[in-house]
Amino acid sequence: MHFNVKEEIVALTPQWKGERFPDGRPKVADKYLTALQSLTLEEVWKPIFVKGYESQFEGRLKTLHDDGRKLIGRAVTATFAPTRPDLHETMFAVGMAEGRKGNYNQWVIDSLTEGDVVVADMYDKIYKGTFLGGNLTTAIKTKTKTGGGVIWGGVRDVEQMKKVEGMQVYFRGIDPTPIRDFVMTGFNTATRIGNAIVLPGDIVFGAGGGVLFIPSHLVAEVVDGAAKTQVKDIFGFEMITQNKFTTAQIDRNTWTEEMLDLLMAFIQTDSRGEPYRGLDWSAEFDLARNGNPNDTQTAL
């Protein structure tokens, strides 16, 4: 029995074909993390949901800051359970043999690198379940630069936490008690956050009052898909305003060739389309030609 095992992380994420961290986690490129900053929750959620990933979002969380800032980074996962003497003795001995220092939550934070986000299932424990406080929030900032935390449990020292510049943390509740009476059962394994499931290396997208976990192997596709949704909305609003298309036409999943041609012209000639000029629309044109251009199904 070991924690944070590279071979197990690789085996858990076989669909990821790119670069990995030394611990085996998928290393999604920084450019995608940057691109996600300009996208909304719904734009990012849609490409995942239509592929059958329906358990990736959890909205029953509080935020450290309510100013609209996003939390985006690569997940480092940890799973905890109520303690019992024999299990704690076993698990803590494993950590000590691996050279880990401090308590279980400190082991996780000590492993962080730039761009990481702690994702911890504290089994909704708030009283004596305060995974983060002022000191560990400062440590997360130092190690990750842009990261934060998603804690299915409690936090403490909130006034101190808020003073750590650039941080965002999602959590279930606040309690002044220090963390006690818990045991780690998984470190960079599959972890549950409420109704959502997250794997190590997934991209955490915290925005709009909730957190979405994007499977690492889908991030590139999600970013492009979300960008397409975004520019279609910009163009669609314009067409509705000019009374050129109806909302029913715009809301169809499959657009006609005429609509796509007009969209391409808008992207190439309108300054609002400039950020989207590198997107590949061949799949959409194939659907328009070979699918059902008169599709009446409303887009998600």
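Conventions and cut-offs
Residues numbered from 1 in each chain as written. Predicted model: local features only at pLDDT ≥ 70, side-chain atom pairs only at ≥ 80, totals over all residues. Heavy atoms only, no water. Helix = DSSP H or I, 4+ residues; strand = E, 2+ residues; numbered from the N terminus. Buried < 20%, exposed > 50% of the residue type's maximum accessible area, 1.4 Å probe, protein only. Polar contact = N/O pair within 3.5 Å; in protein donor to acceptor, adjacent residues only side chain to side chain. Contact = heavy atoms within 4.5 Å. Pairing = 2+ DSSP bridges. Salt bridge = Lys/Arg side-chain N within 4 Å of Asp/Glu carboxyl O. Axes fitted to C-alpha atoms, helices over the stretch in contact; angles between N-to-C directions. Parallel < 35°, antiparallel > 145°, perpendicular 65-115°, else oblique. Left-handed = near helix turned anticlockwise from the far one by under 90°. Nonpolar A, V, L, I, M, F, W, Y, C, P; charged D, E, K, R; others polar.

Colleague: How should the side chain of glutamine 168 be read in this particular structure?
Modeller: Examined against the element boundaries, glutamine 168 turns out to sit in strand E6 (residues 168–174). Judged by its relative accessible area of 2%, glutamine 168 falls in the buried class. In this structure the side chain of glutamine 168 is engaged in a polar contact, spanning 3.4 Å, whose partner is the backbone nitrogen of leucine 64. The contacts of glutamine 168, once residues within four sequence positions are left out, are Thr63, Leu64, His65, Arg69, Lys70, Leu71, Gly147, Gly148 and Gly149.

Colleague: Please explain the pairing of strand E3 (residues 71–82) as it appears in this structure.
Modeller: With respect to burial, E3 is a largely interior element, 11 of its 12 residues being buried. Two strands pair when backbone bridges link them, and E3 and strand E10 (residues 203–207) are joined in this way by 4 bridges, in the antiparallel orientation. Each bridged residue has a counterpart across the sheet, and for isoleucine 72 the counterpart in E10 is phenylalanine 205. As judged from the 6 bridges shared by E3 and strand E4 (residues 116–132), these two strands associate in the parallel manner. Opposite threonine 77, over in E4, you have valine 119 as the bridge partner. Note: E3 against strand E7 (residues 182–187), 5 bridges, orientation antiparallel. Bridge pairing in E7 places proline 82 opposite phenylalanine 182.

Colleague: Teacher, can you tell me more about the pattern of salt bridges here?
Modeller: For side chains of opposite charge, pairing can occur when their charged atoms come near one another. With the rule as written, the count across this model stands at 16 salt bridges. For the salt bridge of arginine 69 with aspartate 67, the shortest nitrogen-to-oxygen distance reads 2.7 Å. One salt bridge in this structure joins glutamate 98 and arginine 100, with 2.8 Å as the shortest N-O distance. On the basis of relative accessible area, glutamate 98 is assigned to the partly exposed category, the value being 27%. Each of Asp23, Arg25 and Asp116 takes part in salt bridges that share partners, so that together they form one network.

Colleague: What's the story with the packing of helix H3 (residues 41–49) against helix H8 (residues 219–241) in this structure? I'm lost.
Modeller: Between two packed helices, both the angle of their axes relative to each other and the distance between the axes serve to describe the pair. Where H3 meets H8, the closest approach of the two axes is 8 Å, and the angle between their N-to-C directions is 125 degrees. Considered as vectors, H3 and H8 are oriented oblique to each other. In this structure, H3 meets H8 at a crossing whose hand is right-handed. Seen from H3, the contacting residues are Glu43, Val44, Lys46, Pro47 and Ile48; seen from H8, they are Val222, Gly225, Ala226, Thr229, Gln230 and Asp233. Here the residues of the contact of H3 with H8 are counted per class, giving 5 nonpolar, 3 polar and 3 charged.

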